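Analysis of the macromolecular model
So the chains spell out like this:
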Amino acid sequence: MIIYQGSVEEFNQDVSQNQIADKIAARFEDIYHRLNEREYRSWAISLALLNYSFIQAGLKNNYLLVEFQLPYSSRRIDVLLFGKNSSGEENVIILELKQWSNQEVKLSDAEG
């Protein structure tokens, strides 16, 4: 099952128009009948940063899937990026987006 799919250019437009999290949330809710605020925020922030990375890398002729559910499993892959390398060979890159908080990080006296 796929929550979002499109070209990198389409993805860029959805992020630029601040629609990516809304589109993913609507489809996610249609499929799973649930949605939480943490996931929505994660999509809004992580996917905007990912889009920035795509722009910086000059990616245009690539295709991506977001929130791909593995067959026979409840696990999902955050992003699959499809394209060709500089030699023209087809490739797939699996991207796992993480957002970590340092709220619970404590500095020791030596670091303070």
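Quantities reported herein were computed from a predicted structural model and do not represent experimental measurements.

Structural notes on helix α3 (residues 37-57)
- With 21 residues, α3 extends 30 Å from end C-alpha to end C-alpha; this agrees with the ideal 30 Å at 1.5 Å per step.
- Those residues of α3 lying buried are Glu39, Trp43, Ser46, Leu47, Leu50, Asn51 and Phe54. Down the axis of α3, the smallest arc covering the buried residues is 150 degrees, so these residues share one side. Exposed positions of α3 whose direction lies more than 90 degrees from the buried face are Arg38, Leu49, Tyr52 and Gln56.
- Each element contacted by the buried residues of α3 is listed here: α1 (8-16), α2 (20-32), β2 (63-69), β3 (76-84) and β4 (90-95).
- The N-cap of α3, judged by a side-chain oxygen 3.1 Å from the amide nitrogen of arginine 38 a few residues on, is asparagine 36.
- Within two residues after α3, glycine 58 carries a phi angle of roughly 75 degrees, on the positive side.

Description of the sheet that holds β3
- With antiparallel pairing, the four strands of this open sheet are ordered in space as β1-β2-β3-β4. At either margin of the open sheet sits one strand with a lone partner, and together these are β1 (2-7) and β4. Strand-to-strand, the axes of this sheet are offset by a mean angle of 15 degrees, without reference to chain direction.
- Where β2 meets β3, six bridges bridge the pair, whose relative direction is antiparallel. Bridge pairing in β3 places valine 66 opposite valine 79.
- Across the sheet, α1 touches β1, β2 and β3, and the angle it forms with β1 is around 110 degrees.

Let's talk about the side chain of aspartate 78
- Locating aspartate 78 in the fold gives a position in strand β3.
- Here aspartate 78 falls in the buried class, since its relative accessible area comes to 12%.
- Among the polar contacts listed, one links the side chain of aspartate 78 to the backbone nitrogen of leucine 97, at a separation of 2.6 Å.
- Beyond its immediate chain neighbours, meaning those up to four positions away, aspartate 78 contacts Leu65, Val66, Glu67, Leu95, Glu96 and Leu97.

Looking at the pattern of salt bridges
- Considering all chains together, one arrives at four salt bridges under this definition.
- For glutamate 39, the salt bridge identified is with arginine 76, shortest N-O distance 3.0 Å. Taken together, the residues glutamate 39 in helix α3 and arginine 76 in strand β3 connect sequence positions 37 residues apart.
- Judged by its relative accessible area of 17%, glutamate 39 is buried.
- With relative accessibility at 23%, the residue arginine 76 sits in the partly exposed group.
- Sharing partners across several salt bridges, the network here consists of Glu39, Glu67 and Arg76.

How each quantity is defined
Residues numbered from 1 in each chain as written. Predicted model: local features only at pLDDT ≥ 70, side-chain atom pairs only at ≥ 80, totals over all residues. Heavy atoms only, no water. Helix = DSSP H or I, 4+ residues; strand = E, 2+ residues; numbered from the N terminus. Expected span 1.5 Å × (residues − 1). Buried < 20%, exposed > 50% of the residue type's maximum accessible area, 1.4 Å probe, protein only. Arc of directions from axis to C-beta. Contact = heavy atoms within 4.5 Å. Polar contact = N/O pair within 3.5 Å; in protein donor to acceptor, adjacent residues only side chain to side chain. Pairing = 2+ DSSP bridges. Axes fitted to C-alpha atoms, helices over the stretch in contact; angles between N-to-C directions. Salt bridge = Lys/Arg side-chain N within 4 Å of Asp/Glu carboxyl O.

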